[in-house]
Amino acid sequence: RMKQEALDKRKEEARRAQEENARAMRADKEEKERQVTAQKKSADEQQKAEKAKIAKEKAAEFKARQDALAKEKEEKERMKQEALEKRKEEARRAQEENAAAMKARTSSAGQ
């Protein structure tokens, strides 16, 4: 009878130990899953941040190119305008010179 009680006691202790091991293993597994999930989330966030950074850089580069093109276009337009003004001024001077020459001819012809 005592042998049976001792045997039952050992069986119960073994069963409890097995349950504790199973609980510990489940807890370990859950902790590992939490860590993996946290790592994945961190990697995803890092990837998102990197993509956002790249997008921001590309946008800045695009804006810089657009600004440079606009500046270049503006400069060409300014130079075109200056050349036009210069031609107008040259034409005005030539007209004045022609008028003066005509006046001189008519006045010398009248003398």
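Quick look at the structure, then.

## With respect to the overall build of the protein chain
Link 1 in the chain: In terms of regular secondary structure, the protein chain is built from 1 helix and 0 strands.
Link 2 in the chain: Taken over the C-alpha trace, the protein chain has a radius of gyration of 47 Å; the compact-globule value for 111 residues is 13 Å, which it surpasses by more than 25%.
Link 3 in the chain: A principal-axis box enclosing the C-alpha atoms of the protein chain has dimensions of 165 × 5 × 5 Å.
Link 4 in the chain: Summing over all exposed atoms, the protein chain offers an accessible surface of approximately 10900 Å²; the carbon and sulfur share of this is 54%.

## Here's the deal with the pattern of salt bridges
Link 1 in the chain: Counting across every chain of the model gives 11 salt bridges.
Link 2 in the chain: Residues glutamate 72 and lysine 76 are paired through a salt bridge, measuring 3.9 Å at the closest nitrogen-oxygen approach. Of this pair, glutamate 72 and lysine 76 both sit in helix H1 (residues 2-110), 4 residues apart, which is roughly one turn of that helix.
Link 3 in the chain: Among the residues examined, glutamate 72 registers a relative accessible area of 45% and is labelled partly exposed.
Link 4 in the chain: Residue classification places lysine 76 among the exposed positions, given a relative accessible area of 56%.
Link 5 in the chain: Sharing partners across several salt bridges, the network here consists of Glu12, Arg15, Arg16 and Glu19.

## Remarks on the environment of arginine 78
Link 1 in the chain: Mapped onto the elements of the fold, arginine 78 is located in helix H1.
Link 2 in the chain: By relative accessible area, arginine 78 is classed as partly exposed at 38%.
Link 3 in the chain: Counting along the chain gives 46 residues from arginine 78 to lysine 32, while the straight-line C-alpha distance between them is 68 Å.

What counts, and at which threshold
Residues numbered from 1 in each chain as written. Predicted model: local features only at pLDDT ≥ 70, side-chain atom pairs only at ≥ 80, totals over all residues. Heavy atoms only, no water. Helix = DSSP H or I, 4+ residues; strand = E, 2+ residues; numbered from the N terminus. Rg over C-alpha atoms; globule rule 2.2 N^0.38 Å. Areas by Shrake-Rupley, 256 points an atom, 1.4 Å probe, with all protein chains shown as cover. Salt bridge = Lys/Arg side-chain N within 4 Å of Asp/Glu carboxyl O. Buried < 20%, exposed > 50% of the residue type's maximum accessible area, 1.4 Å probe, protein only.

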